[in-house]
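# Structural overview
One-letter residues, chain by chain:
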Amino acid sequence: VDASEDLKTPKIRENKLDVQQVYQKERGDGKEHLYMVVIGHVDAGKSTLMGRLLCDLGQVNQRIMHKYEQESRKLGKQSFMYAWVLDETGEERNRGITMDVGRFQFETDTKIVTILDAPGHKDFIPNMISGAGQADVALLVVDATRGEFETGFDAGGQTREHGLLVRSLGVSQVAVAVNKLDTVAWSQERFNEIVAKLKAFLKQVGFKDTDVTFVPCSGLTGQNLVSKPTETELISWYDGSCLLDVIDKFRSPERPVNKPFRLSIDDIFKGTGTAFCVSGRIETGCLTVGDKILVCPNRESAIVKSLAIDEAPQAVVFAGDQATATLSGIEMQNVSVGNVLCDPTSPVQVASQFQARIVVFNVTVPITKGFPVVLHHQSLVEPVVVSKLISQLNKSTGEVLKKHPRFLGNNTSAIVEIKVSRPIALELYSECKELGRVMLRVGGVTIAAGLITKIIL
Ligand code: GDP
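Our subject in this report is the structure included herewith.

Conventions adopted
- Residues numbered from 1 in each chain as written.
- Predicted model: local features only at pLDDT ≥ 70, side-chain atom pairs only at ≥ 80, totals over all residues.
- Heavy atoms only, no water.
- Helix = DSSP H or I, 4+ residues; strand = E, 2+ residues; numbered from the N terminus.
- Buried < 20%, exposed > 50% of the residue type's maximum accessible area, 1.4 Å probe, protein only.
- Areas by Shrake-Rupley, 256 points an atom, 1.4 Å probe, with all protein chains shown as cover.
- Patch = residues over 30% accessible without salt bridge, like charges linked within 9 Å, V, L, I, M, F, W, Y side chains within 5 Å.
- Salt bridge = Lys/Arg side-chain N within 4 Å of Asp/Glu carboxyl O.
- Lys, Arg positive; Asp, Glu negative; His and termini not counted.
- Charge placed at Lys NZ, Arg CZ, Asp CG, Glu CD.
- Expected span 1.5 Å × (residues − 1).
- Arc of directions from axis to C-beta.
- Contact = heavy atoms within 4.5 Å.
- Phe/Tyr/Trp six-rings, centres within 6.5 Å; stacked < 30°, edge-to-face > 60°.
- 1 Å grid on protein atoms, 1.4 Å probe; cavity = no way out; pocket = protein on both sides within 12 Å on 5 of 7 lines; lining within 4 Å.
- Points joined across faces, edges and corners; volume = space filled by probe spheres on them.
- Pairing = 2+ DSSP bridges.
- Right-handed = clockwise from strand over helix to strand, strands pointing away.
- Axes fitted to C-alpha atoms, helices over the stretch in contact; angles between N-to-C directions.
- Core = buried A, V, L, I, M, F, W, Y, C linked by side-chain atoms within 4.5 Å.

## Focus: the overall build of the protein chain
Tallying secondary structure elements over the protein chain gives 10 helices and 24 strands in all. The 457 residues of the protein chain split such that 54% are buried. With the model as given, the accessible surface of the protein chain reaches about 20,700 Å², and the carbon-plus-sulfur share is 49%.

If you want it as structure tokens, here you go:
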């Protein structure tokens, strides 16, 4: 029996209800949802910090924490106990040991925050890439230890690359955790030195000063994460907000519930009977049970049999929700990860050639015309070619520096044309932020990221 049949589906389209009003009615009194990506150099302390934050907020079962504490003590590596919270193997999750942390979510006074691609210990870097495309805001973690900040920030470090990456994908707000301050005796000079360097860099890549907040903290000791600091030395010079309050004060992004419906599929699985399910984030609009939808780029139609968020049946889901839809009237093999579900009366664009404004980093060989790369667009991974170098731009002002450059090296901003071997579903960034962001990778390394500015055909 389909549980959602019992739910009252608001007849939004039949009765021409105002979506914004329905949304307010359904969600108005709830907390706002925020998606946060955690970035930073390897070993900056991302896992430890997020694990500790989740523990201190009571998101992790006491019994599990006790187990980690004992196991890590046995190994003589007690400092690992928090990182383990985010480092569960699939097997342990299947056994239900960490059910309580499986979702990596926590709440502030006004928000429910989902950590995208929670920094699992080893494979955090490749994972970060897919999460960044959905992020509303970023938490940048840097290691304040003498020498370590410099390693992460200077050539070859990931601090700059990650900062540039999230900014070129349209993320505009960032909290910087100046972490491991315990290793420098909570030195204000060290904090200020790091702040000065990062401020200049973040400004240069396009973050506004007012959208960047620096928080001195220690993930390991838990200092200044979820409550005011207690370390005498730190209190002597810092009376700002703790990390949790800084996250609470992020401006919530608007949820475009009034725009045409779009969902990009990140998973497909079998349901009961002949039906099957797709899941993904609703980028824009809303979806109700019974709706007819179009699956693009193939433009096949299907009917929504039921909807759920975290296995709880829903009558309607809105932009910003990570939802699962059971579909009928379409064959499972005709639907792929990376496809976009949309409103048939106002479908998503389908094209195999487009222009994007990108920022280039990490290339060992400069990008030239005909350069083959791998396009990442939400969950879609597709081989493409950089078919034209249209212009090179001033990174800060966007003004054209050079038309038809011969090549693009590191740290350049440019407009390029991209050719895909088959049509894909996409949108202009100006129309739909989420479906207008792209990343280009070569051999597993992100070499450019940017925004779709023109759809050609
Ligand atoms: P990640 O690679 O960014 O996820 O970093 P981890 O969380 O794995 O931490 C890397 C190392 O730094 C581990 O040995 C941690 O125990 C240590 N560490 C993390 N946070 C702190 C901190 O606040 N203070 C100190 N002293 N060590 C830390």
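## Observations regarding a negative patch on the surface
Together, Asp182, Glu189, Glu231 and Glu233 give the surface a local cluster of negative charge. Structurally, Glu231 can be placed in the loop between strand 6 (212-216) and helix 9 (232-235). Judged by relative accessible area, Glu231 falls into the partly exposed class, the value being 31%.

## Focus on helix 3 (residues 62-74)
In this model, helix 3 (13 residues) spans 18 Å end to end at C-alpha, consistent with the 18 Å of a helix rising 1.5 Å per residue. Taken together, the buried positions of helix 3 are occupied by Ile64, Met65, Tyr68 and Ser72. Projected down its long axis, helix 3 carries its buried residues within an arc of 100°, all on one side. Turned more than 90 degrees off the buried face of helix 3, the exposed positions are Gln62, Arg63 and Lys74. In this fold, the buried residues of helix 3 make contact with helix 2 (46-56).

## Description of the packing of aromatic side chains
Going through the model one piece at a time under the given rule, you end up with 5 aromatic pairs. Between Phe149 and Phe153, the aromatic rings sit 5.2 Å apart at their centres with planes inclined by 20°, giving stacked as the arrangement. Taken together, the residues span about one helical turn, with Phe149 and Phe153 both in helix 6 (residues 148-153) at a distance of 4 residues. In terms of burial, Phe149 and Phe153 fall into one category: buried. In this structure an aromatic cluster arises from ring pairing among Phe149, Phe153 and Phe201.

## A look at empty space enclosed by the protein
Counted according to the given criterion, the structure contains 2 cavities of 30 Å³ or more. Around the largest cavity, the lining residues are Gly133, Leu169, His376, His377, Gln378, Glu434, Arg437, Val438 and Met439. Elements that contribute at least two residues to the lining of the largest cavity include exactly strand 18 (371-377) and strand 23 (437-442). Examining the composition of the lining of the largest cavity, we find that 3 residues originate from one element, strand 23, more than from any other.

## Some thoughts on the pairing of strand 6
Of all 5 residues that make up strand 6, 4 are buried, and the element is covered over most of its length. One ladder, built from 5 bridges, connects strand 5 (residues 173-179) with strand 6; its direction is parallel. Bridge assignment links Val174 to a residue of strand 6, and that residue is Val212. Where the polypeptide runs from strand 5 across helix 8 (residues 188-204) and back to strand 6, its parallel neighbour, the crossover connection is right-handed.

## Points about the sheet that holds strand 6
In spatial order, the strands read 2-3-1-4-5-6; together these 6 strands make up an open sheet with mixed pairing. Of all strands in the sheet, those bounded by a partner on one side alone are strand 2 (105-107) and strand 6. Taking each pair of neighbouring strands and ignoring which way they run, the sheet shows an average axis angle of 25°. In this sheet, strand 3 (residues 111-116) lies alongside strand 2 in antiparallel orientation, the contact comprising 3 bridges. Its bridge partner being in strand 3, Phe106 is matched across the sheet by Val113. Contacting strand 1 (32-39) and strand 4 (137-143), helix 7 (residues 158-168) runs over the sheet at an angle of about 150° to strand 1.

## What about the nonpolar core?
Most often, soluble globular proteins keep nonpolar side chains buried together rather than apart. Counting residues in hydrophobic clusters, the biggest one holds 76 residues, and the most contacted among them are Met36, Met50, Phe106, Leu139, Val176, Leu198 and Phe214. Aside from chain neighbours lying at most four places away, what touches Leu139 is Met36, Val37, Val38, Ile39, Leu49, Met50, Ala175, Ala177 and Leu243.

## Details of the environment of Leu181
Looking at the secondary structure, you find Leu181 in the loop between strand 5 and helix 8. It is 42 Å that separates the C-alpha atoms of Leu181 and Thr324, two residues lying 143 residues apart in sequence. Sequence-distant contacts of Leu181, that is, excluding residues within four places in its chain, are made with Ala144, Trp186, Ser187, Phe191, Pro216, Cys217 and Trp237.

## What to know about the pattern of salt bridges
What the rule picks out here adds up to 14 salt bridges. Ionic pairing is found between Asp211 and Arg251, a salt bridge with its closest N-O pair at 2.9 Å. Of this pair, Asp211 sits in the loop between helix 8 and strand 6 while Arg251 sits in the loop between helix 10 (243-248) and strand 7 (262-270), and the two are 40 residues apart along the sequence. Under the relative-accessibility criterion, Asp211 is labelled buried at 10%. Each of Glu150, Arg190, Glu193 and Lys197 takes part in salt bridges that share partners, so that together they form one network.

## Concerning the environment of Val420
Among the secondary structure elements, Val420 is positioned in strand 22 (residues 413-426). For Val420, a relative accessible area of 7% corresponds to the buried category. Once the C-alpha coordinates of Val420 and Ser387 are considered, the two residues, 33 residues apart in sequence, prove to be 9.5 Å apart.

This is a description of form; function is not addressed.
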